[in-house]
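The lines below spell out each chain.
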Amino acid sequence: MKSLVGDAETTAAPRETAGEVLAIRGGRPLTGRVEVKGAKNLATKAMVAALLGETASVLRDVPDISDVQVVRSLLEVHGVTVRDGDEVGSLRLDPSGAVSAHFEEIDAHAGASRIPILFCGPLLHLLGEALIPDLGGCRIGDRPINFHMDALRAFGAVVDKSYEGIRITAPNGLHGADIELPYPSVGATEQVLLTAVRARGVTELRNAAIEPEIMDLIAVLQKMGAIISYEPNRVILIEGVEKLRGYDHRCIFDRNEAASWACAALATDGDIFVGGARQQEMLTFLNVFRKAGGWFDVHEDGIRFRRDEALKPVMVETDVHPGFMTDWQQPLIVALTQAEGTSVVHETVYENRLGFTEALVQMGADIVVHPQGLASPDRRVPRRALEQAAVITGPTPLHGADVVVPDLRGGYSYLIAALAAEGESTVRNVGILRRGYEKLLDKLDALGAHYDVIG
């Protein structure tokens with residue numbers, strides 16, 4: 001339940017930055033309360049939106065995670081003044097001094113995040129050009145940027161490739177566009193929103209993503225003075241305006257982190273209250289959680305999660321909202337290794353998101369991945385060429401192993417598996433988890449986890 005580099009007076013910040021390797025002693029239920037703050041997938045995009053305002057913006061409930069630090073650094077190299085706000089977890093972002101950044105400064109962050117591509121629209125409006133280096137992020141699929149580039153071209157941007165990366169200019173400014181996405185991509189929808197709000201004329205976006213974080217970004221932009229309407233059948237209309245002002249906004253909660261802790265309660269037979277979680281944005285997850293044998297109780301200030309009975313097998317298909325999020329399936333699979341029977345998880349969003357199961361098999365799980373997916377008469381999500389499927393047969397006791405974190409959600413799943421397994425596990429490359437989980441070690445302590453930081 002503790003463990004530290006140094007003595008008991010070591011502060012929280014060094015602990016969180018030191019934990020690259022954890023030795024975890026599992027087999028104990030996780031019980032207690034954790035708090036979730038603003039969603040990573042909203043906070044980072046709202047920070048970029050601040051570039052569009054003529055006055056300073058204030059963003060509240062910002063999680064203290066490395067992705068936020070990356071965006072903060074990128075804004076600062078572009079001349080935006082970012083300071084801590086008047087309450088814990090708030091930021092004040094002043095774009096009045098925004099300037100073009102040198103390639104070397106941008107490139108220094110290129111491998112750490114995929115956020116730089118969302119700077120394109122705001123920078124084109126503000127400075128007339130944008131430079132996008134090679135993009136980083138979790139290696140869970142190709143995540144092609146052609147959706148982004150095609151959308152920018154539709155607005156009148158000129159895209160040129162160079163040894164530095166991608167240089168985008170708008171010699172004649174940006175105008176409204178008629179855009180239909182081939183897939184309701186969250187990133188491409190954000191790109192269109194951040195570009196269209198100040199483009200001349202009207203933009204119609206069809207087949208848009210409608211995740212709660214997208215709707216919260218729309219709320220941010222509307223506070224700034226944007227005119228955006230959501231129409232039936234995934235259509236978003238944006239009327240461009242000449243100028244926008246700053247915003248004051250509190251981030252929507254992080255439903256991905258909330259679901260992660262819920263799955264930890266399920267996998268370890270624990271009892272976890274997730275403060276800040278809300279029912280409305282988690283309806284789809286909660287249905288599957290209940291079908292799998294979980295119990296939850298919705299409170300005004302959060303949701304309590306635990307097992308209700310022996311875990312039961314389920315069939316899950318990931319999909320864009322309002323479907324079952326791809327980020328939810330990885331921690332859920334860990335719990336399903338303890339279900340009595342055969343579960344099937346169809347991954348239809350990213351083609352490489354089931355590779356993490358190899359380490360679970362090493363720990364004793366019975367999981368078979370079908371690289372081409374599986375047909376089933378019970379399926380509701382249309383099959384995609386890139387999909388995969390995992391067949392999980394349980395229950396199988398998990399035992400300790402030496403594993404290396406591959407990506408954000410897969411890495412958290414290794415953490416859950418190690419906490420559920422008998423014996424000791426060594427989990428390496430834990431630093432990746434700081435991209436999306438604030439104060440992870442403190443939360444493990446609060447839940448009674450037994451571990452040591454060894455590197």
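Nothing here was measured: the structure is a model prediction, and the numbers come from that model. Along each chain, numbering runs from 1 in the same order as the chain's sequence is written. Thresholds applied to this predicted model are a pLDDT of at least 70 for local features of residues and 80 or more for the giving and counting of side-chain atom pairs; totals over whole chains, interfaces and linings are not thresholded and use all residues. Hydrogens and water are ignored here; the side-chain numbers use all heavy atoms of the structure.

Section: the pattern of salt bridges
Reasoning step 1: Salt bridges, as used here, are contacts in which a Lys or Arg side-chain nitrogen is within 4 Å of a carboxyl oxygen on Asp or Glu. Scanning all chains against the criterion turns up 32 salt bridges.
Reasoning step 2: When the shortest N-O distance is used, the salt bridge between D67 and K40 registers 3.6 Å. One end of the pair, D67, is in helix α3 (residues 66-77); the other, K40, is in helix α2 (residues 40-49), and 27 residues separate them in sequence. Like D67, the residue K40 is buried in the burial classification.
Reasoning step 3: R307 is paired through a salt bridge with D269; the nearest N and O atoms lie 3.9 Å apart. Separated by 38 residues along the polypeptide, R307 in strand β16 (residues 302-307) and D269 in the loop between α9 (255-268) and β14 (271-275) bring together distant segments of the chain.
Reasoning step 4: Overlapping salt bridges bring together R60, D61, D86, E87, D248 and R250 as one network. Here a strand is any run of E in DSSP of at least two residues, a helix any run of H or I of at least four, and the numbering for each starts at the N terminus. Think of it in three bands: with a 1.4 Å probe and only protein chains considered, a residue is buried below 20% of the maximum accessible area for its type, exposed above 50%, and partly exposed in between.

Focus on the packing of helix α5 (residues 120-127) against helix α7 (residues 186-196)
Reasoning step 1: Convention adopted: a line fitted to C-alpha atoms gives each axis, helices being fitted over their contacting stretch, and angles between N-to-C directions are expressed from 0 to 180 degrees. Here α5 crosses α7 at 20 degrees, and the two axes come no closer than 7 Å. Here α7 runs roughly parallel to α5, going by the angle between their axes. Viewed along their axes, α5 and α7 form a crossing whose handedness is right-handed. Contact residues: C120, G121, P122 and H125 in α5; Q191, L194 and T195 in α7. Here the angle decides the label: under 35 degrees means roughly parallel, over 145 means roughly antiparallel, 65 to 115 means roughly perpendicular, and every other value means oblique. Crossing handedness is defined as follows: a turn of the near helix away from the far one that is anticlockwise and smaller than a right angle gives a left-handed crossing, while the clockwise case is right-handed. Here, residues are in contact when the closest pair of their heavy atoms is within 4.5 Å.

Examining the environment of V334
Reasoning step 1: Relative to the helices and strands, V334 resides in helix α11 (residues 326-336).
Reasoning step 2: Overall, the relative accessible area of 1% leaves V334 in the buried class.
Reasoning step 3: The spatial distance from the C-alpha of V334 to the C-alpha of T268 is 9.7 Å, given a sequence separation of 66 residues.
Reasoning step 4: Once you skip the residues sitting within four places of it in the chain, V334 turns out to touch A267, L360, S413, I416 and A417.

Focus: the pairing of strand β4 (residues 81-84)
Reasoning step 1: Strand direction decides the pairing type here: β4 and strand β5 (residues 91-94), joined by four bridges, are antiparallel. Bridging across to β5, R83 finds its partner in R92.
Reasoning step 2: Being paired, for any two strands, means DSSP has found at least two bridges between them. Two successive antiparallel strands, β4 and β5, enclose a turn made up of six residues, where G89 displays a positive phi of approximately 85 degrees.

Focus on the side chain of H78
Reasoning step 1: Looking at the element boundaries, H78 is found in the loop between α3 and β4.
Reasoning step 2: Between N or O atoms, a polar contact is any pair within 3.5 Å; within protein, one atom must be a potential hydrogen donor and the other a potential acceptor, and residues adjacent in sequence are included only when both atoms are from side chains. Engagement of the side chain of H78 in a polar contact is seen with the backbone oxygen of L74, the distance being 2.9 Å.

Focus: the sheet that holds strand β11 (residues 227-231)
Reasoning step 1: A sheet is described by the order of its strands in space; here four strands give the open sequence β9-β10-β12-β11, paired in mixed fashion. With one partner strand each, in any of the chains shown, β9 (178-180) and β11 form the two edges of the open sheet. The mean inter-strand angle of the sheet, taken between neighbouring strand axes irrespective of direction, is 15 degrees.
Reasoning step 2: In this sheet, strand β12 (residues 235-239) lies alongside β11 in antiparallel orientation, the contact comprising five bridges.

Remarks on the layout of surface pockets
Reasoning step 1: Of the two site types, the cavity is a set of points on a 1 Å grid over the protein atoms alone where a 1.4 Å probe fits but cannot get out, and the pocket is an open set with protein on both sides within 12 Å along at least five of seven lines, each lined by residues with an atom within 4 Å of a point. Grid points are joined across faces, edges and corners, and a volume is the space filled by probe spheres set on the points. When its volume is computed, the second largest pocket comes out at roughly 420 Å³.
Reasoning step 2: Contributing elements (two or more residues each) for the lining of the second largest pocket: α10 (283-291) and β17 (315-317).
Reasoning step 3: Per-element accounting of the lining of the second largest pocket gives the leading share, four residues, to α10.
Reasoning step 4: Looking at the lining of the second largest pocket, its residues break down into six nonpolar, three polar and five charged. Note on residue classes: Ala, Val, Leu, Ile, Met, Phe, Trp, Tyr, Cys and Pro are nonpolar, Asp, Glu, Lys and Arg are charged, and everything else, Gly too, is polar.

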